[in-house]
Amino acid sequence: MIFGVTVTAFLRLDIDTDIVRSLPSGQTVISDALEIFTSHPIHDQIAIDISVESDNRDILVDCGKYIEEGLRSSNLFAEVGTDAITTLIPELALHVAGNLPILFSSQELEQMIAPRLEKRFIGQRFEDILLKLSSLEGIGQSQLLQSDPLGFMEPIMAKMAMLTPLPGTSIYKGFVFSPDRRHLLVTARPGSAGSNTASARQIAELLDDLSTGLTNKYSSSGITPILTPVGAYRAALDNESIIRHDVNLALALSMAGIGLLLFVAFPRPLLGLFSLLPALAGTASALCIFSLFHQSISIMVLGFGGAIISITVDHGIAYLLFLDRPQETKGKEASSEVRAIGILAVLTTCGAFLTLSFSGFPIFVQLGQFTAMGVLLSFLFVHFIFPRITPSMAAASRQNLPLRRFVDTLYSTGRPGAIAATLLAASLLFFARPDFNVSLESMNTVSSETRAADSLFSMVWGDMGTKVVLMTRGEAAEIQRKNDRILMQIESNMASGTISSAFVPSMIFPGPELAARNFDAWKKFWTKERHENLQESLSSNGKSLGFAEDAFAHFLRLTGNPQKISSTEIPQKFYKLLGLSKKDSQLTQFITITPGTNYNSDDFYSLYGREGKLFDGPYFSEQLAKILFHSFTTMLAIIAISIVVLLLFFFASWQLTLITLIPPLFSYICTLGTMKLIGHSLDIPGLMLSIVILGMGIDYSIFFVRAHQRYRVPDHPSFSLVRMAVFMAGASTVIGFGVLCLAEHSLLRSIGVTSLLGIGYSLLGAFLLLPPLLQFYFSKQKGSSPPELSLSKRVRNRYRLMEAYPRMFARFKLQSDPMFTDLPQLLAADRDSVKTILDIGCGYGVPGCWCLEYFPESRVFGLDPDGERVRVAALAMGEQGEILEDMAPDLPIVPNPPDLILLLDMLHYLDDKSILILFQKCFQMLNDQGLLVTRFVIRPNGVPSWSWKLEDRRVRFSGGEAHYRTAQRMAHLLEKTGFRIETKKTTETNAELIWLIGRTHK
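Conventions adopted
- Residues numbered from 1 in each chain as written.
- Predicted model: local features only at pLDDT ≥ 70, side-chain atom pairs only at ≥ 80, totals over all residues.
- Heavy atoms only, no water.
- Helix = DSSP H or I, 4+ residues; strand = E, 2+ residues; numbered from the N terminus.
- Rg over C-alpha atoms; globule rule 2.2 N^0.38 Å.
- Buried < 20%, exposed > 50% of the residue type's maximum accessible area, 1.4 Å probe, protein only.
- Pairing = 2+ DSSP bridges.
- Right-handed = clockwise from strand over helix to strand, strands pointing away.
- Phe/Tyr/Trp six-rings, centres within 6.5 Å; stacked < 30°, edge-to-face > 60°.
- Lys NZ or Arg CZ within 6 Å of the ring centre and 35° of its normal.
- Core = buried A, V, L, I, M, F, W, Y, C linked by side-chain atoms within 4.5 Å.
- Expected span 1.5 Å × (residues − 1).
- Patch = residues over 30% accessible without salt bridge, like charges linked within 9 Å, V, L, I, M, F, W, Y side chains within 5 Å.
- Areas by Shrake-Rupley, 256 points an atom, 1.4 Å probe, with all protein chains shown as cover.
- Salt bridge = Lys/Arg side-chain N within 4 Å of Asp/Glu carboxyl O.
- Lys, Arg positive; Asp, Glu negative; His and termini not counted.
- Charge placed at Lys NZ, Arg CZ, Asp CG, Glu CD.
- Domains from an automatic or database assignment.
- Axes fitted to C-alpha atoms, helices over the stretch in contact; angles between N-to-C directions.
- Parallel < 35°, antiparallel > 145°, perpendicular 65-115°, else oblique.
- Left-handed = near helix turned anticlockwise from the far one by under 90°.
- Contact = heavy atoms within 4.5 Å.
- pLDDT = per-residue confidence, 0-100.
- Polar contact = N/O pair within 3.5 Å; in protein donor to acceptor, adjacent residues only side chain to side chain.
- Arc of directions from axis to C-beta.
- Nonpolar A, V, L, I, M, F, W, Y, C, P; charged D, E, K, R; others polar.

**Some thoughts on the overall build of the protein chain**
A tally of helices and strands in the protein chain yields 41 helices and 22 strands. Since a compact globule built from 1002 residues should have a radius of gyration of about 30 Å, the 43 Å found for the protein chain marks it as more spread out than a globular shape. Counting only C-alpha atoms, the protein chain reaches 150 × 65 × 50 Å along its principal axes. Across the 1002 residues of the protein chain, 53% fall into the buried class.

**Digging into the pairing of strand E17 (residues 859-864)**
Counting buried residues along E17, five of its six residues qualify, which places the element largely inside the surrounding structure. Where strand E16 (residues 836-840) lies against E17, five bridges are found, and the strand directions are parallel. Note on E17: the bridge partner recorded for Ile840 is Leu863. With respect to chirality, the unit in which E16 leads through helix H37 (residues 846-854) into the neighbouring parallel E17 is right-handed. Where E17 meets strand E18 (residues 881-885), five bridges bridge the pair, whose relative direction is parallel. Looking across to E18, one finds that Leu863 is bridged to Leu884. Taken together, E17, helix H38 (residues 867-877) and E18 form a β-α-β motif whose crossover is right-handed.

**Quick word on the packing of aromatic side chains**
Summed over all chains, the structure comprises 36 aromatic pairs. For the ring pair Phe152 and Trp522, a centre distance of 6.5 Å and an interplane angle of 75 degrees mean the geometry is edge-to-face. Of this pair, Phe152 sits in the loop between helix H8 (142-147) and helix H9 (153-159) while Trp522 sits in helix H24 (residues 512-525); the two residues are 370 residues apart in sequence, bridging distant segments of the chain. By the burial criterion, Phe152 is buried, and Trp522 matches it. Through pairs of rings, three or more aromatic residues link up here, namely Phe406, Tyr411, Phe704, Tyr711, Phe719, Phe727 and Phe767. Above the plane of the ring of Tyr172 lies Arg57, whose end atom (NZ or CZ) is 4.0 Å from the centre. The side chain of Arg831 reaches across the aromatic face of Tyr854, ending 4.0 Å from its centre.

**Overview of the nonpolar core**
By size, the foremost hydrophobic cluster in this structure holds 192 residues, and its most contacted members are Phe152, Ile593, Phe704 and Leu774. Here the element with the most residues in this core is helix H30 (residues 688-711); it accounts for 13 residues. Residues Leu823, Leu827, Val872 and Leu931 belong to the second largest nonpolar core, which totals 35 residues.

**Description of helix H28 (residues 617-651)**
Given a rise of 1.5 Å per residue, 35 residues ought to cover 51 Å, and the 49 Å separating the end C-alpha atoms of H28 matches this to within 8%. Two residues or fewer past H28, Ala652 is found with a positive phi of approximately 50 degrees.

**Digging into a negative patch on the surface**
Together, Glu333, Asp866, Glu885 and Asp886 make up a region of like negative charge exposed at the surface. Counting through the fold element by element, Glu885 comes out in strand E18. Overall, Glu885 belongs to the exposed group, its relative accessible area being 55%.

**What about the environment of Pro155?**
With respect to the secondary-structure elements, Pro155 resides in helix H9. Looking at Pro155, the relative accessible area reads 15%, which means it is buried.

**Remarks on the pairing of strand E13 (residues 580-583)**
Bridge analysis of E13 against strand E14 (residues 586-595) gives four bridges, and the strand direction is antiparallel. Residue pairing across strands places Lys582 opposite Leu587, the latter belonging to E14. Linkage of E13 to E14, two consecutive antiparallel strands, is achieved through a turn of two residues, within which Asp584 is found at a positive phi near 60 degrees.

**Details of the domain arrangement of the protein chain**
Split by domain assignment, the protein chain resolves into domain 1 (46-230 + 527-561), domain 2 (237-440 + 622-778) and domain 3 (791-1000). For domain 1 versus domain 3, the distance between C-alpha centres works out to 102 Å.

**Quick notes on the packing of helix H13 (residues 276-293) against helix H18 (residues 362-389)**
For the pair H13 and H18, interaxial distance at closest approach is 7 Å and the crossing angle is 130 degrees. Taken together, the axes of H13 and H18 are oblique relative to one another. Crossing handedness for the pair H13 and H18: right-handed. The segment H13 lies against H18, with Leu277, Pro278, Ala279, Ala281, Gly282, Thr283, Ser285, Ala286, Leu287, Ile289 and Phe290 engaging Gln366, Gln369, Phe370, Met373, Gly374, Leu377, Ser378, Phe381, Val382, Phe386 and Ile389.

**Here we look at the sheet that holds strand E22 (residues 993-999)**
As summarised here, the arrangement of the seven strands in space is E18-E17-E16-E19-E20-E22-E21, forming an open sheet in which the pairing is mixed. Each of the sheet's edge strands pairs with one partner strand only, and the pair in question is E18 and strand E21 (980-986). Neighbouring strand axes in the sheet, compared pairwise and without regard to direction, differ in orientation by 15 degrees on average. Sheet strands in contact with H38 are E17 and E18, and its direction is about 175 degrees off that of E18.

**A look at the pattern of salt bridges**
If you walk through the whole model with that rule in mind, you get 30 salt bridges. Between Glu68 and Arg72 there is a salt bridge whose closest N-O contact spans 3.6 Å. Of this pair, Glu68 and Arg72 both sit in helix H3 (residues 57-73), four residues apart, which is roughly one turn of the helix. Among the residues examined, Glu68 registers a relative accessible area of 4% and is labelled buried. Classification of Arg72 by relative accessible area gives partly exposed; the value is 42%. The partner of Arg798 in a salt bridge is Glu853, with the nearest N and O atoms 2.9 Å apart. Taken together, the positions of Arg798 in the loop between helix H34 (791-797) and helix H35 (804-816) and Glu853 in helix H37 put the pair 55 residues apart, joining distant regions of the chain. Given the relative accessible area of 17%, Arg798 is considered buried. Overall, the relative accessible area of 15% leaves Glu853 in the buried class. Among the charged side chains, a network of salt bridges with common partners joins Glu337, Arg710, Glu803, Glu868 and Arg871.

**So, the confidence of the model for the protein chain**
Residues of the protein chain with pLDDT of at least 70 account for 91%, and the chain-wide mean is 83. Counting contacts from residues 135-140, a segment whose pLDDT is below 50, to residues more than four positions away or on other chains yields three contacts.

**With respect to the side chain of Ser718**
One can find Ser718 in helix H31 (residues 717-738). Excluding residues within four positions of it along the chain, Ser718 makes contact with Phe322, Arg325 and Tyr711.

**Digging into unusual backbone geometry**
Ala888 connects to Pro889 through a cis peptide bond whose omega is 15 degrees. Examined against the element boundaries, Pro889 turns out to sit in the loop between E18 and strand E19 (900-904). Unusually for a residue other than glycine, Gln929 sits at a positive phi of about 70 degrees. Looking at where Gln929 falls in the secondary structure, it is placed in the loop between helix H39 (912-925) and strand E20 (931-937).

**A look at the side chain of Arg125**
Structurally, Arg125 can be placed in helix H7 (residues 119-133). Owing to a relative accessible area of 15%, Arg125 belongs among the buried residues under this scheme. Polar contacts involving the side chain of Arg125 include one to the side chain of Glu154, which spans 2.9 Å. Here Arg125 is in contact with Arg116, Asp148, Pro149, Leu150, Gly151 and Glu154, once residues within four sequence places are set aside.

**Quick look at helix H36 (residues 819-827)**
Within H36 the residues assigned to the buried category are Met819, Phe820, Asp822, Leu823, Leu826 and Leu827. Down the axis of H36, the sector holding all buried residues measures 150 degrees, keeping them to one side. Residues of H36 that are exposed and angled more than 90 degrees away from the buried face: Thr821 and Gln825.

**Digging into the packing of H28 against helix H29 (residues 654-677)**
Relative orientation and spacing of two packed helices are given, respectively, by the angle between their axes and the distance between those axes. Running from amino to carboxyl end, H28 crosses H29 at an angle of 150 degrees, the nearest separation of the two axes being 9 Å. Taken together, the axis directions place H28 and H29 in an arrangement best described as roughly antiparallel. Note that H28 runs across H29; the crossing there is right-handed. Within the contact between the two elements, H28 uses Phe632, Leu636, Ile643, Val644, Leu647, Leu648 and Phe651 and H29 uses Trp654, Leu656, Thr657, Thr660, Leu661 and Tyr668. Here the residues of the contact of H28 with H29 are counted per class, giving eleven nonpolar, two polar and no charged.

Shown next as structure tokens:
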């Protein structure tokens, strides 16, 4: 069934391998970066570096054609090669040459154009033209030379260098070459997203085949072409394969380690392995429920699966430890013990993991929900399914286990152990500072081959990580207006050294306003004298080269009497070349900027952030670290406050709450200090630290505090089982997180290191610090109350070391129940004679404890069918009482005949026959002149009170039947068994409660 549930869940869920999408999108810097990652053409693009040892561009071109042909024929790519772009460059150059009047500002005209009008420059220029025309390089260049003989367009075209991968690259036969001419670049855009691992796997296989084919093609020539592909597909494949390997390794090692631990921890070793069942069932069920609300699950969350099993195995271990004992045990009894001690631990763990929903990181939202469900469902399996599978267990013979002796010894280190732990925390306190450091590279773990390919590509073609990307969106006219504003700002920033270089399409296609301003500057620049000098120089130099007299007529018209440019719109065919893409009527544009020496990220974002979305790698990492720190402190505060409130509610004691929080504080200090010493900065998994320590590590403290409340003394047999359960829970979790330290993926490994330290130190703190603290607290609080206190306070003090519920129950019963106002009047005459008391249906023992304080020399024997109430009553009464688990009309054997028998608020559970038997037994047991005090509930004549309705429904809900009798009927039954009625009265404050007191006369 577990296997079927797991398979069903996996069939419904997609496995998400894109780790970057786990980033929080609520912050502008992060959301901008995520949108740029998604929208940028390079996001899914594949680039292939082809290299040969010799400087032979024709061979590289041949290799490039072979690769492009193979890519196209595969039908895996929507676009292959750069032909469509490179063929546009000459056309773009002609466009620039024909639109020179609108492309220069007045400052640029003086700096770039004026020097080109000097006679020396013009003479040298025409000599260069002669050389070019006499070589192959000049073929097809005459139109461009006539349109712009002095190369006015060259400063403009030079600005486009930012569009090339690296300064110095060149284009030859339609292919892009590196500056050293030994590398050729082939690009392709897959038809599917780069993070699609199925498509990525096909691409990888195709490139391997093409590489083999290319090698075979040139093997006879002694040439070995080398293909180095890079792209998102490699990261997707590496992340998937690495995480899958890590997941399988973590699951296998954690299951093996936990299985071995369970095998040596139980008297019946095979029974211990059975405790994995709730963990597996809970995890599988959580995954199935998760699939109902989510379409996909991060592979990182699945990588956490082994750790989740180690977390959820805790209660299965505890249940089986209480079941596998030297005496026969019942499944329900074991479940009751574990539930009483562990319910608070489940609430803190589930609450802490659900707090991850406020982290802002989608991956941690998934992880929190998945783990919280796994823990809760495993807990429910232990307490609802396990008792049905194992209703009882025969006594075990093998008990003296070495591991148990070790655990008991560790818990008994006492003051020396606490001092050692304190010294350790004090020494690590100086290093315990949360130091966050995160980068995009740390979020994806790739293979060594991929890292080598990325390194070579960056070395040959440049590192885009040093650039800043500005993305803008809008309609064509709006984009041009934005570009004009951006260009003006960039020119100002370049002058100040804030920006080193950038290309903006407005440098070639200015908007209407900028074009008009530049046109006016052009006309003012070309004075009559400049134009005449230019005309004379062109005429004289042109004749010497054989140009016709009107060869430069178009160029001279541009300088002499230019016509106003009618349109400045960007032609759609140039979109891709200029970093533009169109979807419907919207254009998306990417501008790449190189920071200057005076660059400041904050100032840059304030200047350009209103124009579009920005990505600055170092600034992104810095802001992400700040977000992490804020999330870390916020989650720490939320979890800490929630845990404190929860502890105060369950313990109802600030002292016990403080004691419980000491091991987590110890763990925080030691974990942060150790991480600093080993050089492991807090990264994204560092958000887990608060959850691990306060959500999980505090469970060990809670178990020990609840065990002290429940069993009082450390040598109690059940306390030994709790110690063993805590150690096993901690050790299994350490194993689960420890195996993640062996993971190859950096995020999984970081989760392992962070959580291993947090859990390990929490467990160590619980075993070394808590025993002496709890021993001191419980021994100090123990002891009889001073006689000067009121009777009510003395009764309450008997419950002060117990769990919150019986303590609060005793307090409110003493305050609100009129019983304790009536009893002094009813028992005043017998105060000196009562020595032995029998309390039948004693409940939590509050009336019995009241009697012990009212009759100081007395001893109470009690009876109740509920084992938990018997336990509480026995603790409250201490050595003055003896409480048995049984049900009336059966009565216990007492050493002396009782002087007083109490039958309070329990007679409506019995039918007439049982009551007669009970009254007869009471009459036989009591001393002569012994007193039987009863209080019972009657059916009211009018509208019943809420307390009557509540009790009536509780009885019916539990499957019982309430028997309400009148005072006369109850008195008749009592007299029928030999009692003489002394008192019959209605409680003054509650007409539904009747007192009936009978005395024996033997």
